[in-house]
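Residues per chain are reported as follows:
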Amino acid sequence: MDKVLIGDILHKVRKENPLVHNITNVVVTNFTANGLLALGASPVMAYAPEEVGDMAKIAGALVLNMGTLNSATVESMIIAGKSANDHGVPVIFDPVGAGATPYRTEMAGRIMREVKISIIRGNAGEIANIAGFQAEVKGVDAGNVQGNQIDLAITAARKLQTIIVVTGKEDVITDGITTFVGRNGHPILTKVTGTGCLLTSVIGAFAAVEKNLLAAAASAVTAYGIAAELAAERTASKGPGNFQMEFLDQLASVSGQHVIEKAFIEQREGE
Amino acid sequence: MDKVLIGDILHKVRKENPLVHNITNVVVTNFTANGLLALGASPVMAYAPEEVGDMAKIAGALVLNMGTLNSATVESMIIAGKSANDHGVPVIFDPVGAGATPYRTEMAGRIMREVKISIIRGNAGEIANIAGFQAEVKGVDAGNVQGNQIDLAITAARKLQTIIVVTGKEDVITDGITTFVGRNGHPILTKVTGTGCLLTSVIGAFAAVEKNLLAAAASAVTAYGIAAELAAERTASKGPGNFQMEFLDQLASVSGQHVIEKAFIEQREGE
Amino acid sequence: MDKVLIGDILHKVRKENPLVHNITNVVVTNFTANGLLALGASPVMAYAPEEVGDMAKIAGALVLNMGTLNSATVESMIIAGKSANDHGVPVIFDPVGAGATPYRTEMAGRIMREVKISIIRGNAGEIANIAGFQAEVKGVDAGNVQGNQIDLAITAARKLQTIIVVTGKEDVITDGITTFVGRNGHPILTKVTGTGCLLTSVIGAFAAVEKNLLAAAASAVTAYGIAAELAAERTASKGPGNFQMEFLDQLASVSGQHVIEKAFIEQREGE
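Residues numbered from 1 in each chain as written. Chains lettered and ligands numbered in written order. Predicted model: local features only at pLDDT ≥ 70, side-chain atom pairs only at ≥ 80, totals over all residues. Heavy atoms only, no water.

Some words on the environment of Leu-199 of chain B
All names here are of chain B. Following the sequence through the fold, Leu-199 ends up in helix H9 (residues 195–209). Looking at Leu-199, the relative accessible area reads 6%, which means it is buried. In this structure, the C-alpha to C-alpha distance between Leu-199 and Tyr-224, residues 25 residues apart in sequence, is 7.0 Å. (Helix = DSSP H or I, 4+ residues; strand = E, 2+ residues; numbered from the N terminus. Buried < 20%, exposed > 50% of the residue type's maximum accessible area, 1.4 Å probe, protein only.)

So, helix H2 (residues 29–39) of chain C
Of all eleven residues making up H2 of chain C, eleven are buried, and the element is well covered by its neighbours. Trailing H2 of chain C by a residue or two, Gly-40 of chain C shows a phi angle of about 120°, which is positive.

As for the relation of the copies chain B and chain C
Least-squares fitting of chain B to chain C yields an RMSD of 0.0 Å, with the superposition described by an axial translation of 0.0 Å and a rotation of 120°. A rotation of that kind, with that shift, is consistent with a three-fold axis. Residue Val-26 of chain B of chain B places its C-alpha closer to the rotation axis than any other residue of that unit, at 3.9 Å. Here only 5% of the contact residues of chain B are again contact residues in chain C; the copies associate through non-equivalent surfaces. (Least-squares fit on C-alpha atoms with pLDDT ≥ 70 in both. Contact = heavy atoms within 4.5 Å.)

Topic: the interface of chain B and chain C
Counting from both sides, the interface comprises 21 residues of chain B and, opposite them, 25 residues of chain C. Across the chain B to chain C interface the summed buried area is about 1,800 Å²; carbon plus sulfur atoms make up 58%. At the junction of chain B and chain C, the tally comes to one salt bridge. A salt bridge links Glu-51 of chain B to Arg-104 of chain C; its shortest N-O distance comes to 2.7 Å. At the level of secondary structure, the elements contributing two or more residues to the side of chain B that touches chain C comprise helix H2 (29–39), helix H3 (52–58) and helix H11 (240–253) of chain B. Per-element tally for the side of chain B that touches chain C: the top contributor is H2 of chain B, with six residues. Residues that form the side of chain B that touches chain C fall into these classes: twelve nonpolar, four polar and five charged. (Buried area = accessible area lost by both parts, 1.4 Å probe. Salt bridge = Lys/Arg side-chain N within 4 Å of Asp/Glu carboxyl O. Nonpolar A, V, L, I, M, F, W, Y, C, P; charged D, E, K, R; others polar.)

So, the environment of Gly-35 of chain A
Residues and elements named next belong to chain A. By the element assignment, Gly-35 lies in helix H2 (residues 29–39). Residue classification places Gly-35 among the buried positions, given a relative accessible area of 0%. Taking the C-alpha atoms as reference points, Gly-35 and Gly-122, separated by 87 residues in sequence, lie 18 Å from one another. Apart from residues no more than four positions distant in its own chain, Gly-35 is found in contact with Leu-198, Leu-248 and Leu-251.

Some points on the relation of the copies chain A and chain C
Overlay of chain A on chain C (RMSD 0.0 Å): rotation 120°, translation along the axis 0.0 Å. A share of only 4% of interface residues in chain A that are also interface residues in chain C marks the association as one of differing surfaces.

Section: the interface of chain A and chain C
Buried accessible area, meaning the area lost when the parts come together, often serves as the stated size of an interface. Across the contact, 25 residues belong to chain A and 21 residues belong to chain C. Together chain A and chain C conceal approximately 1,800 Å² of surface at their shared face, both sides included; 58% is due to carbon and sulfur atoms. Viewed at the interface, chain C and chain A are joined by one salt bridge. For the pair chain A and chain C, the number of links is seven residue pairs in polar contact (both at pLDDT 80 or more). Elements supplying a minimum of two residues to the side of chain A that touches chain C: helix H5 (102–114) and helix H11 (240–253) of chain A. Of the residues forming the side of chain A that touches chain C, the biggest block, five residues, is contributed by H11 of chain A. Its residues assigned to classes, the side of chain A that touches chain C shows eleven nonpolar, eleven polar and three charged. (Polar contact = N/O pair within 3.5 Å; in protein donor to acceptor, adjacent residues only side chain to side chain.)

Quick notes on the side chain of Asn-242 of chain C
Positionally, Asn-242 of chain C belongs in helix H11 (residues 240–253). There is a polar contact of 3.2 Å between the side chain of Asn-242 of chain C and the side chain of Glu-246 of chain B. Apart from residues lying up to four places away in sequence, Asn-242 of chain C is in contact with Met-245, Glu-246 and Asp-249 of chain B together with Thr-235 of chain C.

Concerning the sheet that holds strand S5 (residues 119–122) of chain B
All names here are of chain B. Reading across the sheet, the nine strands line up as S2-S1-S3-S4-S5-S6-S7-S8-S9 and stay open at both edges, with mixed pairing between neighbours. On the outer flanks of this sheet lie strand S2 (42–45) and strand S9 (265–267), each paired with one strand and no other. The mean angle between the axes of side-by-side strands here comes to 20°, regardless of whether they run parallel or antiparallel. Relative to strand S4 (residues 91–94), strand S3 (residues 61–65) runs parallel, the two being bridged by four bridges. Residue Leu-62 lies in a different strand from S4, and its bridge partner there is Val-91. (Pairing = 2+ DSSP bridges. Axes fitted to C-alpha atoms, helices over the stretch in contact; angles between N-to-C directions.)

Rendered as C-alpha cells:
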C-alpha cells in the first residue's frame, strides 16, 4: 500500500477533526476518548436511546463495541446503527468477546442483521465466531496461525460482505477481494486494556475522512501500530503503565514521515 | 480577586477533605475521582436511586454531569439534587453537550427546573444552549469571542439566577452582578478528556468549604488552571498522555505560593 | 508466612494467566483491568444477566465489587455468584462503602445471603458494617486501631464464616483461626482511586491459582504491597499521577526475589 496515502489520511484526520460517535464498553471509555483526542479526532460517547440516533447522524463515523454489552446497550446500538445507515455514516463494529458466552454470539448476530456494518475489527477468535467458523479456530495452533488468519479474514469478509480487520501478531485487512497484511505494532499492546477497542475507534476516525474504507482501515492499523512502536521504544522496558501514557503521546505525534520510515504493510497477491 | 483568599480556600479543601458526591459520566469517572483525591477532596460516585438522596445529604457538594446521561441517571440526579437542596448542600451542574441533541437540551432544562443549582460550568456553546441563546452563539466568531463570552455568562447568570462559569481561552465566573475573568490554564487541557468535567467537580470541592460560592468558583478555576500550567511546563512537549498524569501530580502540589506567583484573575469593572 | 510460597503463587498467576471475572464499579474498571493484565492475569468484565452465569463458570475467580451498585448490578452479581458457587469458582467480595448508605448495607447483606463468598476485602469500617459491629468501629481511635483491627477481622471471619482481609495501615488476613498481619504497602495508595478495588481483584487472581485461599489472599496482599513500595520509591515524590502508572509497571515486574527481600507478613500467635 502507498505509504504516502497513509500519511495523507492521517493528516486529514488531524485537519478535519471528525466527530466519532462511540457506543463502547465501560472498561475502555476513557482510554478511547483520550486516544481519539490525542490522534486529532473528536470523540463523543452517547448511549441513551432517546439521543443516539441524533448523535450518530451528525457523526463522521459510528463505532459499536460490545465489550460490556447489555440489552439496553444493544437497543441503543441498533437505533444508532440504523440512523448511521440512513445518513451514510460508516459503522465500525468490534465484537469483543464474541464466542465467550452464547449471549455475545447471539447479540453480535443481531447487531449485524439489523445494521449494515462497514468494517469489523476483532481478533481471530472473535472474527471466526461471528462468521460461524468456530470449529476451524479451535483447531488453529501456533504453527499455522498466520496462514489461517489471512484465509479466515478473507472468508469472513466474503460471507459477511464487509471489510474485516483481524488483528494479532500480523494484522489482516481485507474486503474479500483486496487483502493487506501489516506487521506494525508491539507485543506490549496486549498488556494494556482497550488497545484493540481503541484501534477500532481509530479506524472509525480514518473512515470518517476517507471514502475508500479499505484504505482507511489499512492506514489506521498501520499508523496505530507505528505509534505503538514509537511508544515502546521509549517505555517498553519500563512496563505497561508508562507505555500507555507514552502511547497517547505518540498517537498525537506520529507523522507521515514516521509512516514512510516504519510502515510494514503489503498487499497480498493472488487468491 | 484576592490571591491570598484563593490560596486559603485551596488550603481549606486539603484540610477539610470534603466529600464530593458525583453523578457523572462514564468517560471521566476515574479521572474525576483521581483528580479530586489528588487535590485533597474525598470523591464518592453513587448512582442508584435508592441511595443518592442519602449520599447527597451527607456530602459537602453534589456534582451533576450529564455527559453520558440516560433516563435512569436523570432520575437519580433529580432525587439527589432535591435531597441536596433540602439539606443545604450546593449543587454544581455540568451540562455536557447541551445542544448537541434535542434530548440533552430537554434533560438539562428538566434538571434545572427540578433542582436548585448553585453553580453551572460549561463551554460557551453549552451555556448559551441552556440559557436559550442558541442563535447568538452561532453568530460568535473568533474576532469577538471574548466580549461575547463575558456578556453571555452575565446574561445567563441573570436569567438562570445562578453562578455561571464559562470556560475557554478565557474563563468567566459571574453571578450576574460581580464578574471575574481568568486567564490561567493551558491549551493541552483540550487534548485530555474530562478536564472540563473534573474542573466542575473541583468547583464542587471548593464550594464545599467556602460559603461565598462565587469566590469558591473563581478560586477553583484559578487553582486548577495554575496546576495545568505547572504540569504543562513539565510535559506539554511530550504530549497529552504524560501531561494528564503530571496534571494529577500538580493538583496535589499546587500551593498558595503558586497562586500568588501565577494567578491571573481580575474583576471586571462596570456592568 | 513462607516468603518462597508467596513468590511461587505469584509465579503461578503469571504462568497460568487465570481468567478473573469482575463485576465491578464504573470508577475503577479500567484500572482494575490494567492492573490484572500487568500482573499477568486475564481480566474480563461482564455485567449482563443473560451472560454472567456463563462467564463466571469458566472463570478462575469471580470478583464482586459494589462501588457503584444498582439494582440491576446486584441481580447480575447474584446470578454470577450462584453460578460460581455451583462450579467451584471462588467468589471474592468487596463491600465498597458498606455503611455509607442504608442501601449499601442492605445490598451487601443480600449478596452475602444469596452467594457463598470465599474472601471479603474491605477497610475496617466496611468490614465492621457487614459484620454488624458498627458501634465498635465508631469507637475506634488512632491509639488502638491496630489491636481492634485484628480483633475485628477475626470476629468478622468467624461470624461470616469466610476469609476476611481488612486493609489499612496494617493489613489483616484471617479465616478466624489462622491470622496474618502484613505491613507492606505505601500511604500514596490512598491517593489513587481504586487501589483497594484492584487489590480485591488481585486476590481473585491469586485465589484462581492456589487452593489454599488464606495463603492466596495473604500472598496477594503482600505482593501487591511490595509492588506499591517499588513504585513509590520511584515516584512518590512526584505525586499520585506518576505513581499510578509506575504502580502498573511494578505489578508487572514484582518478583519472588522482591518478595524475599521486602515481605513483611507474620502469623499472629495465640487466639
